[in-house]
Structure formats: structure tokens, C-alpha cells
Amino acid sequence: MELNTQYDVAIVGGGPAGLSAAIYAARGGLKTIIFEKTLVGGQITITAEVENYPGFEESVSGFDIVEKMQKQAEKFDAEIKIEEVKAIGLEGLCKIVETNKGIYKVKSVIIASGAHPRKLAIPGEEKYTGRGVSYCATCDGALYRGKVVAVIGGGDSAVEEAMFLTKFASKVYIIHRRDQLRAVKILQERVFANEKIEMIWDSVVQEIQGGDFVENLLLYNKKTKKTSELSLNGVFIFVGIIPSSDLVESRVDFDDQNFIKTDETMHTKIPGVYAAGDVTHKVLRQIITAGSDGATAAFSAEKWIEENKDKFK
Ligand code: NAP
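Keep in mind the model is a prediction, meaning the values are calculated, not measured.

Visitor: What is the right way to look at the overall build of the protein chain in this model?
Guide: When helices and strands are counted, the protein chain shows seven helices and 19 strands. In terms of overall dimensions, the protein chain has C-alpha extents of about 70 × 40 × 35 Å along its principal axes. Every one of the 313 residues in the protein chain was classed for burial, and the buried ones make up 47%. About 15800 Å² of surface is accessible on the protein chain, with carbon and sulfur atoms providing 49% of the total. Computed over 39 positive and 44 negative side-chain charges, the inter-centroid distance for the protein chain is 1 Å.

Here it is as C-alpha cells:
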């Protein structure tokens, strides 16, 4: 494969963090390339309604926000390539990004590779994925019109997606392992006021059962120590996220869940290498904080390239 040397900064991941980094880097005059392995937009594209992104007083879909971000990045000549990054050489002054289609030598790298849904890792989960088990209410919710579904989890995602599912399903159970939700209060209030939603507290799913499709959950109540069965048609699993940080494993600092640690400039411990968005260790994972990280990472990369410009000659 040919070595491509025309770019200043490579951004790994095309979600809100990567796209924001691209807007700032390209607008700042850096020759910028984004690598995205599947679809531009990241996890937020599957969120039907975003209510808290500033500038949109009516709710807006995640897809619409990232579509605008993509157009804005391209307006400043950032290039977006649908290529999967296989390896990154971070050791030298220049960094080497190897994808399934080419090899790129760049001055700086921004890791914005995001996160993916955590699985429950219980019997039946894999077998019934796509046959009643889903990780995306926006994608699959309409299949459950008039049916009974359960959402597993108690965070913002579980609660938001449960409310979205009430548009289609006749009944939505939220099954949570504790007796209190983790989700923010405003979402909790809406869930408790929704007549289609019933909470099942203190319970974990031990097994997903069925024939060709999901028919049943085997539940275990941690307080009463009793097992029970719940008949339903679909299960939506929202039990948190896992960072997509394998590419830089053991070379940057991680927290105890493998989110990348950076300083306030989004710098990892490697010169010229930055991280942004959901893949990083942070307190608030939102489009706005991903955007802020991306902007900061691009600003830092630009500064670093400028400070080292004589070495790159
Ligand atoms: P999260 O906040 O980490 O919540 C995960 C939920 O799943 C928790 O309630 C957790 O229970 C439960 N859980 C974890 N492992 C489990 C297991 N093995 N079995 C059963 N339950 C399990 O994840 P998230 O809801 O996906 O949110 C991820 C991030 O995105 C958060 O920072 C969130 O604030 C953000 N987000 C924001 C919005 C919004 O602002 N509109 C929307 C979606 C997501 P415990 O509570 O007992 O730990």
C-alpha cells in the first residue's frame, strides 16, 4: 500500500467529537482527514430526540445534528474516509495510521473513537440479537407496535429509550438492578408519570428465552432472592458503554474502565496525540462535551504542530 503524506492531522472516529475536531482543525488551516469505519455520526445517530443541545429549542434528532456537523467539516475541506483504522504508530515525531485501505503519515492524531454498548453477557443474549434483543430503540422500536417490551438498565439511555418505545409498544417494563434510577431527575419524573411504563426494581435478567424469537425473561430479584418469568416480545439493553480504545492500548493512560485519560488540553501522554469525546475519562458524556473536547484537541494539535514545525521539515 502506498504511503500517503499529505495530511497534518488524522482524526480516528466520525462522531460529534471527531467532527468538531475536524471543523476546528480544518478551519485552522490543517490538512485534516477523518477515518470512520462504518457510518459518520457515531452513537448519537440512533437517538431520536435530543432536547439539550444548545441552539435548538425544539428537540432535534441526533442524525440531523451530525449531518450538519459533517457538512460544516467538509465546507472547510476536511476529508472523511470510510476506512477502518487497523493500527496507529505513535512512537515517532510523525504518526503512522494504517487503515484497511491505506497508510497515512501525519503530524498529529486525535483519537475520537467513541464507545459501544455494553452487553449483559447472559444466556440467550447473543442467540436472540436481531430476533427480539436490540441495542437501538430508534432502529427497532417500530417493530414492536402493540407489543410488550422490556428495557434493561437505569441510566439516561435506558430511561430515554423506554419513553421512546412507548410510542409503539403497548407496555414497557424497565428492569433495573437497584431501587433507584441513575438517570437525571427530569427523565425520572417523566418515566414515573408515563402510564405505559412499569418499573421492575432490584432485579437482574438471568436468561433470555424463547423459540425462534424472544418470548420470556428469567428474572432474579436481589432483595427477595426469588426468580420469576416475564412474558414479552422484545428486550432493549442499555446497560452502559465500553470505550473503543483498543487501538492505543497500553500506550496511553487509561482509567479503570479503559477510558483514555487526558489533561485539560485533551493531550494523552504521547506528544502530538490527543483524545476527545466518549472514549475519554470524563464526568459528562454529551454531544456538547464531545464537541468541546474535539475543539480543544484540534486547537492543541494545531499549537503542537506549529511549535514543532522546524522538526517536521
Ligand atoms: P450509564 O449511565 O453508565 O448507566 C448504565 C445503567 O445500566 C446503570 O443504571 C447501571 O446500573 C446499569 N447496568 C450496568 N451494568 C449492568 C448489568 N450488568 N446488569 C444490569 N444493569 C447494569 O450508561 P448510559 O445510560 O448508556 O449513559 C452513558 C453516558 O451517556 C452517560 O454519561 C449518560 O449521562 C450519557 N447520556 C446522556 C443522555 C442525555 O443527556 N440525554 C442520553 C443518553 C446517555 P447502576 O445504576 O446500578 O450502576
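Visitor: What's the story with the site of the ligand in this structure? I'm lost.
Guide: With respect to spatial proximity, 18 residues lie near the ligand, and among them Asp156, Glu160, Arg178, Arg182 and Gln286 are the closest. Contact distances for the ligand include 3.0 Å between an oxygen atom and a side-chain N or O atom of Arg177. Measuring from an oxygen atom of the ligand, one finds a side-chain N or O atom of Arg182 at 2.6 Å. In isolation the ligand offers 920 Å² of accessible surface; the protein chains occlude 77% of this area. Among the residues making up the shell around the ligand, the classes are represented as three nonpolar, eight polar and seven charged.

Visitor: Sorry if this is basic, but what is going on with a positive patch on the surface here?
Guide: Together, Arg118, Arg177, Arg178, Arg182 and Lys222 make up a region of like positive charge exposed at the surface. As for its position among the elements, Arg182 is in the loop between strand S12 (171–175) and helix H5 (185–193).

Calculation rules
- Residues numbered from 1 in each chain as written.
- Predicted model: local features only at pLDDT ≥ 70, side-chain atom pairs only at ≥ 80, totals over all residues.
- Heavy atoms only, no water.
- Helix = DSSP H or I, 4+ residues; strand = E, 2+ residues; numbered from the N terminus.
- Buried < 20%, exposed > 50% of the residue type's maximum accessible area, 1.4 Å probe, protein only.
- Areas by Shrake-Rupley, 256 points an atom, 1.4 Å probe, with all protein chains shown as cover.
- Lys, Arg positive; Asp, Glu negative; His and termini not counted.
- Charge placed at Lys NZ, Arg CZ, Asp CG, Glu CD.
- Near = heavy atom within 4 Å.
- Polar contact = N/O pair within 3.5 Å; in protein donor to acceptor, adjacent residues only side chain to side chain.
- Nonpolar A, V, L, I, M, F, W, Y, C, P; charged D, E, K, R; others polar.
- Patch = residues over 30% accessible without salt bridge, like charges linked within 9 Å, V, L, I, M, F, W, Y side chains within 5 Å.
- Salt bridge = Lys/Arg side-chain N within 4 Å of Asp/Glu carboxyl O.

So far we have only geometry, and geometry alone does not tell us how the molecule works.
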